[in-house]
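Each chain is listed here by its residues.
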Amino acid sequence: MISRPRPFLAAMLTGLVPLTVLVAACGDGATTRKAAADTAALAAGPQCVSPDTTPVGLAVRAFITTATPTPQRYLSAAGTDSAVPDDGFKVLQDKGPTYFYSSDPKAQAQIKAKLASVGPYASLLVVYRGKTETDNGNTVTVSLGGHYVGGEHDGKDAPTRQFTVRCDTTGWRLADTASTRSP
């Protein structure tokens, strides 16, 4: 057994104790920074960043599920600012057969013929009329409208409605709906 002199042990403890305190102090700073970041995030409000649930997606779902007559097929204006954004279009696809609708009268006649050949189902053209954000982006109002295409309801208006969607501690939630006169 090797015996070390006591001064060696004292020197080791003398160097080790300040090093331990220094490491603990650095760790405490990280904890303090994390606590400050958590406080700042809480003050900023909830963060709703899930791509599966978006304000537009929730508004589109509410619009099509409350439309009368109940649509069984969906259309979206292709290549225009009235086209339903991708997150809303995904909702349309999840609910039923979805088609692109053109502003060209010849293409419109073709899509009406295609819809008629598949069956006499109510087909709703969903028109995106924009969105506004308030409350640091935690409240979004989405405007949607449209009309029925083909079949017995051809040309029937689906009045423009505004859907208010809010971000809370559990995610995006539909808060309010208002009907407006369709332009």
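Structure: above.
Residues numbered from 1 in each chain as written. Predicted model: local features only at pLDDT ≥ 70, side-chain atom pairs only at ≥ 80, totals over all residues. Heavy atoms only, no water.

### Some details on the pattern of salt bridges
Here comes step 1: According to the stated counting rule, one finds 3 salt bridges in the structure shown.
Here comes step 2: Between aspartate 154 and lysine 112 there is a salt bridge, with its nearest N and O atoms 3.3 Å apart. Placement of the pair is aspartate 154 in the loop between β4 (139-148) and β5 (157-168) and lysine 112 in helix α4 (residues 105-118), with a sequence separation of 42 residues.
Here comes step 3: You can call lysine 112 partly exposed: its relative accessible area is 32%.
Here comes step 4: With a closest N to O distance of 3.7 Å, glutamate 133 and lysine 131 form a salt bridge.
Here comes step 5: Assessed through its relative accessible area of 43%, lysine 131 is described here as partly exposed. (Salt bridge = Lys/Arg side-chain N within 4 Å of Asp/Glu carboxyl O. Helix = DSSP H or I, 4+ residues; strand = E, 2+ residues; numbered from the N terminus. Buried < 20%, exposed > 50% of the residue type's maximum accessible area, 1.4 Å probe, protein only.)

### Points about unusual backbone geometry
Here comes step 1: Cis geometry marks the peptide bond from threonine 68 to proline 69; its omega dihedral reads 0°.
Here comes step 2: If you trace the backbone, proline 69 turns up in the loop between α2 (55-65) and β1 (73-77).
Here comes step 3: Phi angles above zero are rare outside glycine, and aspartate 135 is one such case at about 55°.
Here comes step 4: You can see aspartate 135 is positioned in the loop between β3 (123-134) and β4.

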